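Here is how the chains run, residue by residue.
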Amino acid sequence: MSIGHLVAQYQAYAAAEPERFSMTISESLDDLVLRLGDEIHGLEQTVIADPDIVRDELSRSLKALADRLAEQGHPDNELLARRIVLALSEGRDRLQLARALSELAVPLTALGRLDDAVSVRRRAFRILRTLAKEDVTRWLDVAAEAEPYSALLVHVGSVLDAMMVCRQTVRGLAPLVEMGLDWAREPYARCLLRLAQRVAEDDDLKEGIRLAEKSIEQFRALGGGYGLALALNILSNLKVDDGDLAGALTTSQAALEVARNLADGDYRMTLAMALQTTALRHADLEQWNQAHESLIEAGELFPLLLAEDSGAAPWYASFLSNLSQVQAKLGDADAAVETMERATQLYRDLARQDPAAYLSELALSLVNLSHRHAAIGQHAKAVYALQESIKHYRKLRKEDREWTSDLASAHRFLGDQLTALGQHEPALNETRAAIKLYRECADPHLGESLKILGTRLHNLGRTEESVAATAEAVEIFRTAGDLPQLAHALFNLAITHNVSDEINEAVRSGRESVESYQRLYDDDTGWAVALANALSFLGSVLERAGQFDHAITAVERAVSLLERLYEPGDDQLGADLARALHNLSRYHEEEGRLERALEHMRRSISLYGELTQQDRDRFRPRLASAWLSLAIYLSRLGEAEEARSAAALAVDLCRETGAREDLADALFHLSNREADLGRTEECVAALSAALEIYEELSLVQPDPYLARMAMSLDNLATRYSSQGDPGRALPLLERAADIWGQMDETGQLAGTLQRRLFVQSCLGHDIEETVERVTNIQQDLAVTVRTLNDVAQELIGVELLDPAQQLLARASGLWEIHLLQQPDAEPFPYIHLLDSRATIMFRLGLHEEAAAAELGVVELFEPLAKEDPVSYLAVLATVRARLADYLRAAGRNVESLHHQRQVVETYEKLAASDPSRYRPSLVVSLTDLGELLRDLDDDDADPVLTRAATLRAALSGDL
């Protein structure tokens, strides 16, 4: 009989007996007829005389209609049909009512009306429990209802209620099992398993594992089968959550054994899933080969399953994703990409058919595919995959904000790939988009993304923005108590402060980073390398702060950690240790501890030598740098020959590497070492070779090689000048001056012009243009006067007295102008001029003029020495002794004697306070006084000379 005919009969009865038949049901039936129309109409059939039979037949037919509507995907119409079935069941058979309630929950859930679904399932469950108290066989119905009811409660976040439902069901079935009722054992085992999951979800993993093991006992008593395999799989997952990875593997292997013993056909999917779970357990233990073997076996089953049933596609896609991950771990990156592409295509097909169920899987698969592409350097393809993933996550997020975090992560990964492609601004935009989304959902990845943003901004030289981002990350990690991330973020922040020349802030962040890594190291010595690196960097920052003692303390601690960890053959630790030793050596050198510096540098060289044997291309440049530093230390210790050999080794290493810039630097240093040995030709040859390379490099990269080229020109000119060949020096200085001028390096330019002034004076060239240029650059006449005096002193040193006089005259004119501008100017530049003039006059035999000039020097120093004896008394004694010599040479012995006695008196005072420093000068001054007295036939000559001899003997004894 058609539903339409039954509806018509029911409506007729309802019209005739409204008090017996519900008008609500009648109205619902009218609505259903209106909605479905022809689908429920049928030919007229026999009239049923019994209204109760009409009611029962209508209920049965409507249930069948609801089932068809469910299959067709019409939950609205299904809901209406099932509501009518429920209304027809009210007040009649309670079991039928419970089943009607349970069936009504299905379309309610599909339509998202979860609270209503929970309500009807609660009522169904209570009715069934009441029936089970009257008839124990009804516990089968309770168990059947408990499964979807508890799952629905978990879905709406009522985990405790779900756990209670499972407990009530288990408690009802347990006595029946104990009574030996075999029909109760399987539902009991299943309910125990559900309870285990619910308890574990409530963070009681140990109890969840105990219950799962109890469930497994029941399934074993039933003879195994699918239920046992499922229970073992669930137990395996619980053990993973509990951190028992080895136990989880053993359990999954037991599940696999059960699955292998099942009959073929329907259970091939069970075997495939058991194989996949076992593979995942091997992967948890990083047993990648075993994981791969299990997946390969599963891979033979999935295509067969898919061919038989397209419903296996989701499982196959999941399998391919797992296989891709294992292939990547085994280093088969190309295969990993191909496998992930197949998985993604399956998810794309599934998402096209059912977006609600599979769009999220497609989005995640695209993210994983991007990782596979990135691993083989296909960053552009990774970008395309992530862009599609972002498009899908945006759609998902419109429906549910829970997808915000996943969308943010996709943006973050896209930023990584764009950075790898050198698209830095777009990468920054993606990272910022991720940060905005992470803020919105308060995701813990916010701090990490801010740290990444800080690093990217740092790499682009945008240090102020970098500091702001990294500092925020630091505070997030500090608040969260995430010590590893805090330590790393502080380390990054210190680096950026250092680059920004914010040294105090860099020291502060660096110290806190070290303190954080120290706390981590105290709990786990695996943090030793990170702590050592933080200490090494802190040392470099403390160096910039001028705190060399603290820098030494930090790096010595780093060296100590690395020495304990290092074993020959460990390239990374060896490199870290060698670099730390190199820096430690430099710090000791800065503190004047050259022997300690030498010791650490030799150890660094030894390590770099070992590392170079293993990887020549990587470590030869570092070995060369260490040899150069050693050469400098040896030179300062007076080991000129060994220093030259060290520099030559560095040059040879640089030639081997083919790094032209390093070779030029090494040649430059070698030239200085050759000069220390007086090997001028070799010095010039090395310097010329360095200059040639710098000139070549500067054409392509002016910064920094143009400056190094100018320095080489300066040095080479100095060498030619020292050889007495100013003609070859001058054009080199002209070129150096041009370069420094182009670079606006006024300090360097002034030095080059000073050398040019000397060379021009040696050649007898006009110096006015150079003097004028020096004056304009220095913009301080006092400084220019000192410069001209320094050049005059150099000329006096090579006996070019006339050019020296010419420079002094020019300097004197400038000094007079300076005094007009600054009448209270410090007298020191003028003092030096007078002293230089006195030296020239004396060498020219003009002793009176020399004495007059030196007297001016003495008269200028006398008030200074009276005001500040500590700084100027010894200087006054020196120039007064020189005046005494000049007066004696001029035949003015009496005046000379007056000044010489004052010299002796001064040195006696000074020697009384600092004997080791001033007694030698006292001996010299006494000797000069005694000889002067002898020339004057003074009786005091012999006692004075005797005293000088006694003091001289005492000094020799002290030595």
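For clarity, every value in this text was computed on a predicted model and none was experimentally measured.

Criteria and cut-off values
- Residues numbered from 1 in each chain as written.
- Predicted model: local features only at pLDDT ≥ 70, side-chain atom pairs only at ≥ 80, totals over all residues.
- Heavy atoms only, no water.
- Helix = DSSP H or I, 4+ residues; strand = E, 2+ residues; numbered from the N terminus.
- Buried < 20%, exposed > 50% of the residue type's maximum accessible area, 1.4 Å probe, protein only.
- Contact = heavy atoms within 4.5 Å.
- Lys, Arg positive; Asp, Glu negative; His and termini not counted.
- Charge placed at Lys NZ, Arg CZ, Asp CG, Glu CD.
- Patch = residues over 30% accessible without salt bridge, like charges linked within 9 Å, V, L, I, M, F, W, Y side chains within 5 Å.
- Areas by Shrake-Rupley, 256 points an atom, 1.4 Å probe, with all protein chains shown as cover.
- Salt bridge = Lys/Arg side-chain N within 4 Å of Asp/Glu carboxyl O.
- Expected span 1.5 Å × (residues − 1).
- 1 Å grid on protein atoms, 1.4 Å probe; cavity = no way out; pocket = protein on both sides within 12 Å on 5 of 7 lines; lining within 4 Å.
- Points joined across faces, edges and corners; volume = space filled by probe spheres on them.
- Nonpolar A, V, L, I, M, F, W, Y, C, P; charged D, E, K, R; others polar.
- UniProt positions renumbered as here; feature names shortened; annotations may be inferred.
- Axes fitted to C-alpha atoms, helices over the stretch in contact; angles between N-to-C directions.
- Parallel < 35°, antiparallel > 145°, perpendicular 65-115°, else oblique.
- Left-handed = near helix turned anticlockwise from the far one by under 90°.
- Core = buried A, V, L, I, M, F, W, Y, C linked by side-chain atoms within 4.5 Å.
- Phe/Tyr/Trp six-rings, centres within 6.5 Å; stacked < 30°, edge-to-face > 60°.
- Disulfide = S-S within 2.5 Å.

Asker: What should I look at first to understand the overall build of the chain in this one?
Answerer: Within the chain, the secondary structure is distributed over 44 helices and zero strands. For the chain, the spread of C-alpha atoms along the three principal axes comes to 165 × 55 × 55 Å. Classification of the 959 residues of the chain by burial places 48% in the buried group. A sequence separation of at least 24 residues applies to 58% of the contacts in the chain between residues at least 6 apart. Of the charged side chains in the chain, 98 are positive and 153 negative; the average position of the first set lies 5 Å away from that of the second.

Asker: Sorry, what's going on with a nonpolar patch on the surface here?
Answerer: Side chains of Val136, Leu140 and Trp183 sit close together on the surface and give an oily, nonpolar patch of about 230 Å² of accessible area. Among the structural elements, Val136 can be located in the loop between helix H6 (114-134) and helix H7 (139-155).

Asker: Where do I start with helix H14 (residues 288-308) in this structure?
Answerer: In a regular helix each residue adds 1.5 Å, so 21 residues correspond to 30 Å; H14 covers 30 Å between its end C-alpha atoms and thus fits that length. Among all positions in H14, only Trp288, Ala291, Ser294, Leu295, Ala298, Leu301, Phe302 and Leu305 are buried. Where H14 is buried, its residues contact helix H13 (268-284) and helix H15 (313-329).

Asker: Help me understand the layout of surface pockets in this model?
Answerer: Over the atoms, a rolled probe matching the size of one water molecule traces out where space is still vacant. Put simply, the largest pocket is a space of about 270 Å³. Along its surface, the largest pocket is lined by Tyr226, Ala229, Leu230, Asn233, Ile234, Asn237, Met269, Thr270, Met273, Ala274, Thr277 and Trp315. Contributing elements (two or more residues each) for the lining of the largest pocket: helix H11 (226-241) and H13. The leading source of residues in the lining of the largest pocket is H11, at six residues. Of the residues in the lining of the largest pocket, the class split is eight nonpolar, four polar and no charged.

Asker: Help me understand the side chain of Asn789, please; the structure alone is not making it clear to me.
Answerer: Looking at the element boundaries, Asn789 is found in helix H37 (residues 781-797). The buried category is assigned to Asn789, whose relative accessible area is 5%. Sequence-distant contacts of Asn789, that is, excluding residues within four places in its chain, are made with Leu808, His832, Leu833 and Ser836.

Asker: In this structure, what is going on with the side chain of Asn672? I would like to understand it.
Answerer: Of note, Asn672 is situated in helix H31 (residues 660-676). Residue contacts for Asn672: discarding those within four places in its chain leaves Asn715 and Arg719.

Asker: Mind showing me how you'd approach the pattern of salt bridges here?
Answerer: Note on pairing: side chains with opposite charge can pair once their charged atoms come close. Applying the stated criterion across every chain yields a total of 66 salt bridges. For Arg397, the salt bridge goes to Glu440, with nearest N and O atoms at 2.5 Å. Note that Arg397 is positioned in helix H18 (residues 379-399) and Glu440 in helix H20 (residues 424-441), a separation of 43 residues in sequence. Note on Glu440: relative accessible area 42%, which makes it partly exposed. Between Asp549 and Arg593 there is a salt bridge, and its shortest N-O distance comes to 3.1 Å. With Asp549 in helix H26 (residues 548-565) and Arg593 in the loop between helix H27 (571-590) and helix H28 (594-614), this residue pair connects regions lying 44 residues apart in the sequence.

Asker: I would appreciate a short explanation of the UniProt feature "repeat: TPR" (unreviewed entry) in the chain in the present structure.
Answerer: Per the UniProt entry, the sites bearing "repeat: TPR" (unreviewed entry) are residues 532-565 in this numbering. This span, residues 532-565, is 91% helix and 0% strand, and a straight line between its end C-alpha atoms measures 11 Å.

Asker: Would you explain the packing of H27 against helix H29 (residues 616-636) in this entry?
Answerer: When two helices pack together, their arrangement is given by the angle between the helix axes and by the axis-to-axis distance. Axis separation between H27 and H29 bottoms out at 11 Å; the angle between their running directions is 20°. By the angle between their directions, the pair H27 and H29 is classed as roughly parallel. Seen along the crossing, H27 lies across H29 with a hand that is left-handed. On H29, the residues touching Asp571, Gln572, Ala575, Arg579, His582, Ser585, Arg586 and Glu589 of H27 are Arg618, Phe619, Arg622, Ser625, Ala626, Ser629, Tyr633 and Arg636.

Asker: So what exactly am I meant to see when it comes to H18 here?
Answerer: It helps to recall that an α-helix has 3.6 residues per turn; residues three or four apart then point in one direction. In this model, H18 (21 residues) spans 31 Å end to end at C-alpha, consistent with the 30 Å of a helix rising 1.5 Å per residue. Among all positions of H18, only His379, Ala382, Val383, Ala385, Leu386, Ser389, Ile390, His392, Tyr393, Leu396 and Arg397 are buried. Contacts made by the buried residues of H18 are with helix H17 (355-375), helix H19 (404-420) and H20.

Asker: Explain the nonpolar core to me, please; I cannot follow it from the model alone.
Answerer: A general tendency of soluble globular proteins is for nonpolar side chains to be buried together. Formed by 222 residues in total, the largest nonpolar core has its most connected members in Phe319, Leu807 and Phe861. Among the nonpolar cores identified, the runner-up in size contains 78 residues, and Val54, Leu114, Ala146 and Leu211 belong to it.

Asker: Which parts of the structure should I look at to understand a negative patch on the surface?
Answerer: The grouping of Asp332, Asp334, Glu338 and Glu341 at the surface amounts to a negative patch. Locating Glu338 in the fold gives a position in helix H16 (residues 333-353).

Asker: How do you make sense of the UniProt feature "domain: Anaphase-promoting complex subunit" (unreviewed entry) in the chain when you look at a structure like this?
Answerer: UniProt annotation of "domain: Anaphase-promoting complex subunit" (unreviewed entry) refers to residues 361-393 and 458-492 when read in the numbering used here. Taken end to end, residues 361-393 is 91% helix and 0% strand, and its first and last C-alpha atoms sit 10 Å apart. Counted over residues 458-492, helix gives 86% and strand 0%. Its end C-alpha atoms are 9 Å apart.

Asker: When you look at the environment of Asp570 in this model, what are you seeing that I'm missing?
Answerer: Looking at the element boundaries, Asp570 is found in the loop between H26 and H27. On the accessibility criterion, Asp570 (28% relative accessible area) is partly exposed. In the structure, Asp570 is positioned 98 residues away from Glu472 in sequence and 36 Å away in space, judged by C-alpha atoms.

Asker: Help me understand the packing of H19 against helix H21 (residues 445-459) in this model?
Answerer: Where H19 meets H21, the closest approach of the two axes is 11 Å, and the angle between their N-to-C directions is 20°. When the axes of H19 and H21 are compared, the pair comes out roughly parallel. The crossing of H19 and H21 is left-handed. Contacts between H19 and H21 pair Arg412, Gly415, Asp416 and Thr419 from the former with His445, Glu448, Ser449, Ile452 and Arg456 from the latter. Its residues assigned to classes, the contact of H19 with H21 comprises one nonpolar, four polar and four charged.

Asker: How do you make sense of unusual backbone geometry when you look at a structure like this?
Answerer: Glycine aside, residues mostly have negative phi, and peptide bonds are mostly found in the trans state. Each neighbour pair has its own omega, and for Asp703 with Pro704 the value is 15°, a cis peptide bond. One can find Pro704 in helix H33 (residues 702-722). For Asp501, which is not glycine, the phi torsion reads 60° and is therefore positive. Even without glycine at this site, Glu799 takes up a positive phi of about 65°. With respect to the element layout, Glu799 can be found in the loop between H37 and helix H38 (801-821).

Asker: Hey, could you run me through the packing of aromatic side chains in this one?
Answerer: For any two aromatic rings, the description comes down to two numbers: the centre-to-centre distance and the angle of the planes. With the rule as written, the count across this model stands at eleven aromatic pairs. Members of the aromatic cluster, connected to one another through ring pairs, are Phe302, Tyr316 and Phe319.

Asker: Looking at this structure, I do not really get the environment of Ser698. What am I missing?
Answerer: Structurally, the position occupied by Ser698 is in helix H32 (residues 680-700). Taking the C-alpha atoms as reference points, Ser698 and Arg708, ten residues apart in sequence, are found 8.8 Å from one another. Apart from the residues lying within four places of it in its own chain, the contact partners of Ser698 are Tyr705, Leu706 and Met709.

Asker: Just to check I follow, could you spell out the environment of Ala884 for this structure?
Answerer: Tracing the chain through its elements places Ala884 in helix H41 (residues 869-889). C-alpha separation for the pair Ala884 and Ala851, spaced 33 residues apart in sequence, amounts to 8.1 Å. Once residues lying within four places of it in the same chain are set aside, the contact partners of Ala884 are Ser896, His899 and Gln900.

Asker: What is the right way to read the state of the cysteines from this model?
Answerer: Cysteine pairs can be linked by a disulfide, which is a covalent bond between their two sulfur atoms. Enumeration according to the criterion identifies zero disulfides in this entry. Lacking any disulfide linkage, Cys191 is separated from the closest cysteine sulfur, that of Cys166, by 6.8 Å. The thiol of Cys654 is not disulfide-bonded; the next cysteine sulfur, from Cys683, is found 18 Å away.

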